[in-house]
Amino acid sequence: MTADCSFQAVFAVPLSCNGCVKAVSDSLYKLDGITKVEGNLDDQLISVQGSAAPSAIVEAIQATGRDAILRGSGASDSAAVSILETFADRVQRSEAHGDRHVRGLARIVQVSSGRSLVDLIVHGVVPGRYHATIREYGDLKDGAKSTGAVWSGGEKDAKGILGTVDVGEDGRGSAFFDRPFQIWEIIGHAMVLTKQDETTGPLVNDDNTVVGVIARSAGVWDNDKTVCSCTGKTLWEERKYEIRKGML
């Protein structure tokens, strides 16, 4: 990936000494595309500059025996996120009782005036090749069925076609897309990941089709909270909760 795709991301990481910072830095510099790593012991933060996917950075930090939470990426108003959930009929019935069935997460960061990177991970679905798209609407009333056609962005070739994601036998898959759109264009649209072939008919809700609305997320220095204002949990307590719910 070329240098003009470089962006900054900040991660909360438990750090107790300069040796911790060095261990994390050494692990991160093994990734392709990492150009700069800085640690802040006082604030327990690792700042990373480069073009590697945030999910790959988290995995590299976790390989050192430490956990990591993405605090922000890119500049203000240049980052977005989509939490991907199933909307099959049986899942909708269980959600009426408060259960969430999250199967994936997409993080999006704009790296230039007309270019954004999409870091997508998915889990808990059957193996195979999936198609990732951004849709015309953000209406999830009927799940994938109510999201409309693939978003065109006013162009002949649909701007909403992201690419394919290969899911392995463990039900997990990931992809990193480089696409020609800006964050403001896609906010409020839905993202869909599915095995379905749309040339044979419209989308239906099945157990292996996941969908979520794209919403703004924090830029690098837009999020300085250590306690969630919604739940009162610390960042690390909130992370454990999200993992149990399948959000990470």
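Residues numbered from 1 in each chain as written. Predicted model: local features only at pLDDT ≥ 70, side-chain atom pairs only at ≥ 80, totals over all residues. Heavy atoms only, no water.

### Here's the deal with the overall build of the chain
For clarity, the threshold we go by: Helix and strand labels come from DSSP, where a helix needs a run of H or I of at least four residues and a strand needs a run of E of at least two; each type is numbered from the N terminus. Between buried and exposed lies partly exposed: a residue is buried under 20% and exposed over 50% of the maximum accessible area for its type, with that area taken using a 1.4 Å probe on protein chains only. Residue contacts are counted whenever heavy atoms from the two residues lie within 4.5 Å of one another. The Shrake-Rupley method, run with a 1.4 Å probe, gives the accessible areas here. Residue values count only the displayed protein chains as cover.
A count of helices and strands for the chain gives five helices and 13 strands. Considering the chain as a whole, with its 248 residues, one finds that 45% of them fall into the buried category. Once local pairs closer than 6 in sequence are excluded, the contacts in the chain between residues at least 24 apart make up 68%. Looking at the chain as shown, the accessible area adds up to about 12000 Å², and 49% of this sits on carbon and sulfur atoms.

### Notes on helix H1 (residues 18-28)
Inclusion rule: When we speak of the arc, we mean the arc of directions from the helix axis to the C-beta atoms.
Those residues of H1 lying buried are Cys20, Val21, Val24, Ser25, Ser27 and Leu28. Across the axial projection of H1, the buried residues extend over an arc of 160°, all falling on one side. Exposed positions of H1 whose direction lies more than 90 degrees from the buried face are Asn18 and Lys22. Where H1 is buried, its residues contact strand E2 (34-40), strand E3 (45-50) and helix H2 (54-62).

### Examining the confidence of the model for the chain
Close inspection of predicted coordinates is inappropriate for parts of the model with low pLDDT. Operational definition: Confidence of the predictor in every single residue is expressed as pLDDT, which spans 0 to 100.
Within the chain, residue pLDDT values average 83, and 80% of them lie at 70 or more. Here residues 90-100 scores under 50 on pLDDT; set against residues more than four positions off or in separate chains, the count is 16 contacts. Residue range residues 225-236 is modelled with pLDDT below 50. Its contacts to residues more than four positions away, or to other chains, number 21 contacts.

### Re the nonpolar core
Our working rule: Only buried Ala, Val, Leu, Ile, Met, Phe, Trp, Tyr and Cys residues count toward a nonpolar core, and they belong to the same one when joined by side-chain atoms within 4.5 Å.
In this structure, Ile108 and Met191 are the most contacted members of the largest nonpolar core, which totals 24 residues. One finds Val13, Ile46, Ala52 and Val111 within the second-largest nonpolar core, a separate group that totals 23 residues.

### Regarding the pairing of strand E5 (residues 79-86)
The condition that has to hold: Pairing between two strands is assigned when DSSP locates at least 2 bridges connecting them.
Of all eight residues that make up E5, six are buried, and the element is covered over most of its length. Across seven bridges, the pairing between E5 and strand E6 (residues 102-112) is antiparallel. Paired with Val81 across the strands is Arg107, a residue of E6. Examined bridge by bridge, E5 and strand E13 (residues 215-216) share two bridges and lie antiparallel to one another. Counted as the bridge partner of Val81 is Ala215 from E13. Bridge count between E5 and strand E12 (residues 210-213): two bridges; the pairing is antiparallel. Looking across to E12, one finds that Glu85 is bridged to Val211.

### What about the pattern of salt bridges?
Condition: By definition here, a salt bridge exists when the distance from a side-chain nitrogen of Lys or Arg to a carboxyl oxygen of Asp or Glu is within 4 Å.
The final tally for this structure, using the stated rule, is seven salt bridges. For Asp178, the salt bridge identified is with Arg115, shortest N-O distance 2.9 Å. Here the residue Asp178 occupies a position in strand E10 (residues 173-179), and Arg115 occupies one in strand E7 (residues 115-122), the gap between them amounting to 63 residues. For the salt bridge of Arg129 with Asp166, the shortest nitrogen-to-oxygen distance reads 2.7 Å. Note that Arg129 is positioned in strand E8 (residues 128-134) and Asp166 in strand E9 (residues 161-167), a separation of 37 residues in sequence.

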